[in-house]
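Understanding the architecture of this molecule
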Amino acid sequence: MKRRILVVDDDLAVLLTLKAVLEFHGFEVETASSTAEAFTRLETSAYQMVISDLRMETENSGMQVIAAARRQSYDPATALLTAYPPSGDHWGRDQSESLLIKPLGTKDLLRQVEALLVQHADARQARQRFAAGAEESSRKAG
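We now turn to the structure provided with this report.

A few words on the pattern of salt bridges. Overall, the coordinates contain twelve salt bridges when judged by the stated rule. A salt bridge links Glu 28 to Arg 4; its shortest N-O distance comes to 3.1 Å. Of this pair, Glu 28 sits in strand E2 (residues 28–32) while Arg 4 sits in strand E1 (residues 4–8), and the two are 24 residues apart along the sequence. For the salt bridge of Arg 4 with Glu 30, the shortest nitrogen-to-oxygen distance reads 2.2 Å. Of this pair, Arg 4 sits in strand E1 while Glu 30 sits in strand E2, and the two are 26 residues apart along the sequence. In this structure, Arg 4 and Glu 30 share a single accessibility class: buried. Through salt bridges with shared partners, a single network forms among Arg 4, Glu 28, Glu 30, Glu 37 and Arg 41.

Following this line, the structure appears as structure tokens:
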């Protein structure tokens, strides 16, 4: 089964390039060219990862997309894509798991996407083990 990625960017050339590169390397890719379109896709499909440009309709539209992705029950990995990296005050791992800086070479993109997917899956398994352990402890105590 192919891993699904949603790529969000208002620059059509960037959007199509990322889609082509990721699909060539075995990912299933859906695209959105606006924040509103991204919100619709997030609600109607499930993704293993969401990559969103930071600046689209507003300077932090991408953060809105990432926040919406992180609220989804399917728990996708998230990455912000930007040519204008935000300062530490405006970006943190609590908002997005990764920051991808344009221009980004194919090898770097693929390396970072693969690493983020692995890290995200590991973190999800750790949360599930912790939740199961807490549930077991609660049953034993009660």
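It is worth spelling out helix H3 (residues 61–70) at this point. Along an α-helix, residues three or four positions apart point the same way, because every turn accommodates 3.6 residues. H3 sits mainly inside the fold: seven of its ten residues count as buried. Within H3, burial applies to Ser 61, Gly 62, Met 63, Val 65, Ile 66, Ala 68 and Ala 69. Turning to H3, the residues buried within the fold contact E1, helix H2 (35–44), strand E3 (49–53) and strand E4 (77–82).

Rules and cut-offs
Residues numbered from 1 in each chain as written. Predicted model: local features only at pLDDT ≥ 70, side-chain atom pairs only at ≥ 80, totals over all residues. Heavy atoms only, no water. Salt bridge = Lys/Arg side-chain N within 4 Å of Asp/Glu carboxyl O. Helix = DSSP H or I, 4+ residues; strand = E, 2+ residues; numbered from the N terminus. Buried < 20%, exposed > 50% of the residue type's maximum accessible area, 1.4 Å probe, protein only. Contact = heavy atoms within 4.5 Å.

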